[in-house]
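One-letter residues, chain by chain:
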Amino acid sequence: MDIKSEGTDPVVVSVTGEVDLATAPQLEAELSDALATPGATGVQVDLAGVEFMDSAGLRVLVAALRTAEEGGRTLTLSAPHDRVRRIIEITGLSEVFGLAGTA
């Protein structure tokens, strides 16, 4: 898995590869850093390059969303790969992340 963060408002965190039990801690650390960026009101997680995500990855995203909301910030997901979008939909998280009805 590769992660690249850029920008300041929103901070864009671009993720590529697989997000699973082995790589989830790296994503968790990167999102934590992004959410702590001074002056940023939000974080956008670009999932276009993620072809696989398991429950560990979903847990990281949900925890980051909770942290963002507690800090008065936003966390959005953008361009999830069809397979990742399907996992988000199956788990009922599409509405939580604002992906319901988008394609």
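The structure presented is a predicted model; accordingly, all values stated were derived computationally and were not measured.

> I'm lost on the pattern of salt bridges in this one. Help?
Where charged atoms from two side chains of opposite charge come close, those side chains can pair. The tally for this structure, following the rule as stated, stands at four salt bridges. K4 is the salt-bridge partner of E6, the closest N and O atoms lying 3.9 Å from each other. Classification of E6 by relative accessible area gives partly exposed; the value is 41%. Take K4: its relative accessible area is 49%, and that puts it in the partly exposed class. As a salt-bridge pair, R83 and E51 come within 3.4 Å of each other at their nearest N and O atoms. Taken together, the residues span a long stretch of sequence, with R83 in helix α3 (residues 82-90) and E51 in strand β3 (residues 42-53) at a distance of 32 residues. Residue classification places R83 among the partly exposed positions, given a relative accessible area of 49%.

> Would you mind showing me how to read the sheet that holds strand β2 (residues 11-19) here?
Backbone-to-backbone hydrogen bonds join strands into a sheet, with any given pair of strands oriented parallel or antiparallel. Strand order in the open sheet made by the four strands is β1-β2-β3-β4, with mixed pairing throughout. If you trace the sheet from one side to the other, it starts and ends with β1 (2-6) and β4 (74-78), each paired once. Averaged over all adjacent pairs, the angle separating strand axes in this sheet is 20°, with direction ignored. Helix α1 (residues 24-35) rests against β1, β2 and β3 of the sheet, and its axis sits at about 175° to β2. On top of the sheet, α3 reaches β3 and β4; it is set at about 110° to β3, its chief contact.

> Mind showing me how you'd approach the packing of α1 against helix α2 (residues 55-70) here?
Helix-helix packing is described using two parameters, namely the angle between the two axes and the distance between the axes. Put simply, α1 and α2 touch, their axes get as near as 9 Å, and they point 15° apart. In terms of orientation, α1 and α2 fall into the roughly parallel class. Crossing of α1 over α2 shows right-handed handedness. Contacts from A24, L27, E28, L31 and L35 in α1 reach A56, G57, R59, V60, L61, A64, T67 and A68 in α2. Here the contact of α1 with α2 is composed, by residue class, of nine nonpolar, two polar and two charged.

> How do you make sense of α1 when you look at a structure like this?
Structurally, the α-helix is built with 3.6 residues per turn, so residues lying three or four positions apart point the same way. End to end, α1 covers 16 Å across twelve residues, agreeing with the expected 16 Å (1.5 Å per residue, within 8%). Along α1, the residues classified as buried are A24, L27, L31, A34 and L35. Looking straight down α1, one finds that the buried residues subtend no more than 95° of arc, so they occupy a single side. Here the buried face of α1 lies against β1, β2, β3 and α2.

Parameters and conventions
Residues numbered from 1 in each chain as written. Predicted model: local features only at pLDDT ≥ 70, side-chain atom pairs only at ≥ 80, totals over all residues. Heavy atoms only, no water. Salt bridge = Lys/Arg side-chain N within 4 Å of Asp/Glu carboxyl O. Buried < 20%, exposed > 50% of the residue type's maximum accessible area, 1.4 Å probe, protein only. Helix = DSSP H or I, 4+ residues; strand = E, 2+ residues; numbered from the N terminus. Pairing = 2+ DSSP bridges. Axes fitted to C-alpha atoms, helices over the stretch in contact; angles between N-to-C directions. Contact = heavy atoms within 4.5 Å. Parallel < 35°, antiparallel > 145°, perpendicular 65-115°, else oblique. Left-handed = near helix turned anticlockwise from the far one by under 90°. Nonpolar A, V, L, I, M, F, W, Y, C, P; charged D, E, K, R; others polar. Expected span 1.5 Å × (residues − 1). Arc of directions from axis to C-beta.

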